Amino acid sequence: MTTDKNNATIKIAVFASGAGSNARKLIEHFNSTISSPLSKGIEVALVVSNKIDAGVLQIAAEFQIPTLIIEKEKFFRGNGYVDELKQSGIDFVVLAGFLWKIPSTLVQAYAGAMVNIHPALLPKYGGKGMYGNFVHEAVIANKEPESGITIHMVDEVFDNGAHLFQATCPVLADDTPATLAQRIHQLEHAHYPRVVEETIRKTGKA
Ligand code: GRF
């Protein structure tokens, strides 16, 4: 990793509330890459969670990545932990199964530098309450022939920002929310790190 000021490493904070399988893929992708002299290094420098027992924290420990546990009151009524993120030198925020809505202060502080992954083909099956198994249950109940993933920029409305990438998979007649979730996770793991990297490099920062 390069360290001089003009070619400093781009630092990502990954926000996650759960198991963190996407966080693991992001960490494996970025933190094991030797930066080329032609492009800046990118690393996951911080893992942020709202849950003290979230699986993602064990993954962070495994890779010796600093963690930040956030509190509801401060997140929503304070300034959304912008000061802490800036103090840690965070350039880009990646949401990976983070269940709280991002407050305006934080969205604005990282405008154009915050992305999310949603386990369905937005604009369908998005918005408040549409997360995790609720998404897959609704997709199956509506007998959708296909589902997929959407990677998008984050703005102040749930699941609303500009789409960066979508990929589809079939919904099978005997799918349960669990089997569909597994297929969706495979798509997420295959595409999220690459799309995050392309997005960061397109912003001109890296
Ligand atoms: C993923 O399906 C993601 O799309 C959704 O939450 C899930 C997180 O899974 N937003 P994991 O914690 O990364 O395994």
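Residues numbered from 1 in each chain as written. Predicted model: local features only at pLDDT ≥ 70, side-chain atom pairs only at ≥ 80, totals over all residues. Heavy atoms only, no water.

A word on the sheet that holds strand 2 (residues 42–49)
Spatial ordering of the open sheet is given by 3-2-1-4-5-6-7, a layout of seven strands whose pairing is mixed. Taken across any chain shown, the strands that pair with only one partner, and hence form the sheet edges, are strand 3 (67–69) and strand 7 (163–170). Mean inter-strand twist for the sheet, computed between neighbouring axes without regard to direction, equals 20°. Where strand 2 meets strand 3, three bridges bridge the pair, whose relative direction is parallel. Among the inter-strand pairings, Val 47 is bridged to a residue of strand 3, identified as Thr 67. (Pairing = 2+ DSSP bridges. Helix = DSSP H or I, 4+ residues; strand = E, 2+ residues; numbered from the N terminus. Axes fitted to C-alpha atoms, helices over the stretch in contact; angles between N-to-C directions.)

Structural notes on the UniProt feature "site: Raises pKa of active site His" (unreviewed entry) in the chain
Within this structure's numbering, the places UniProt gives as "site: Raises pKa of active site His" (unreviewed entry) are Asp 159. Looking at the secondary structure, you find Asp 159 in the loop between strand 6 (146–153) and strand 7. On the accessibility criterion, Asp 159 (16% relative accessible area) is buried. Dropping the residues within four chain positions of it, Asp 159 is found in contact with Asn 116, His 118, Leu 122, Gly 126, Gly 127, Met 130 and His 152. A polar contact of 2.8 Å, which involves the side chain of Asp 159, links it to the backbone nitrogen of Gly 127. (UniProt positions renumbered as here; feature names shortened; annotations may be inferred. Buried < 20%, exposed > 50% of the residue type's maximum accessible area, 1.4 Å probe, protein only. Contact = heavy atoms within 4.5 Å. Polar contact = N/O pair within 3.5 Å; in protein donor to acceptor, adjacent residues only side chain to side chain.)

Notes on the packing of aromatic side chains
Tallying each qualifying case throughout the model produces eight aromatic pairs. For the ring pair Phe 75 and Tyr 81, a centre distance of 6.3 Å and an interplane angle of 45° mean the geometry is tilted. As far as burial versus exposure is concerned, Phe 75 and Tyr 81 are alike and both buried. For the pair Phe 76 and Trp 100, a centre-to-centre distance of 5.6 Å together with 50° between the ring planes defines the contact as tilted. Pair noted here: Phe 76 is in helix 3 (residues 72–77) and Trp 100 is in the loop between strand 4 (92–95) and helix 5 (104–109), with a separation of 24 residues, a long-range link. Cluster of aromatic residues (ring-pair linked, three or more members): Phe 15, Phe 75, Phe 76, Tyr 81, Phe 98 and Trp 100. Over the face of the ring belonging to Tyr 110 we find Lys 86, whose NZ or CZ atom lies 4.1 Å from the ring centre. Sitting above the plane of the Phe 165 ring, Arg 194 keeps its charged end 5.0 Å from the centroid. (Phe/Tyr/Trp six-rings, centres within 6.5 Å; stacked < 30°, edge-to-face > 60°. Lys NZ or Arg CZ within 6 Å of the ring centre and 35° of its normal.)

Here we look at the site of the ligand
Within the structure, the ligand sits among Ala 19, Gly 20, Ser 21, Asn 22, Gly 97, Ile 117, His 118, Pro 119, His 185 and Glu 188. Interatomic distance of 2.5 Å between a side-chain N/O atom of Ser 21 and an oxygen atom of the ligand. Out of a free accessible area of 370 Å², the ligand has 84% covered by protein chains. Secondary-structure elements contributing two or more residues to the shell around the ligand are helix 1 (21–31), strand 5 (114–118) and helix 7 (177–202). (Near = heavy atom within 4 Å. Areas by Shrake-Rupley, 256 points an atom, 1.4 Å probe, with all protein chains shown as cover.)

Observations regarding the pairing of strand 4
On strand 4, burial covers both faces: Phe 92 and Val 94 on one face and Val 93 and Leu 95 on the other are all buried. Pairing of strand 1 (residues 10–15) with strand 4, which is carried by four bridges, proceeds in the parallel orientation. Each bridged residue has a counterpart across the sheet, and for Val 14 the counterpart in strand 4 is Val 94. Sheet topology note: the strand 4/strand 5 ladder contains three bridges and is parallel. Pairing of Val 93 across the sheet is with Met 114, part of strand 5. You can see the chain leave strand 4, run along helix 5 and come back into strand 5, and the turn it takes is right-handed. (Right-handed = clockwise from strand over helix to strand, strands pointing away.)

Regarding the confidence of the model for the chain
When pLDDT is averaged along the chain, the result is 93; 92% of the residues meet or exceed 70. Note on residues 1–6: pLDDT is under 50 here. Beyond four places in sequence and across chains, it has 13 contacts. (pLDDT = per-residue confidence, 0-100.)

Digging into helix 6 (residues 132–141)
Structurally, the α-helix is built with 3.6 residues per turn, so residues lying three or four positions apart point the same way. Within helix 6 the residues assigned to the buried category are Val 135, His 136, Ala 138 and Val 139. Looking straight down helix 6, one finds that the buried residues subtend no more than 160° of arc, so they occupy a single side. Contacts from the buried residues of helix 6 go to strand 5, strand 6 and helix 7. One or two steps after helix 6, the chain reaches Lys 143, where phi turns positive at roughly 55°. (Arc of directions from axis to C-beta.)

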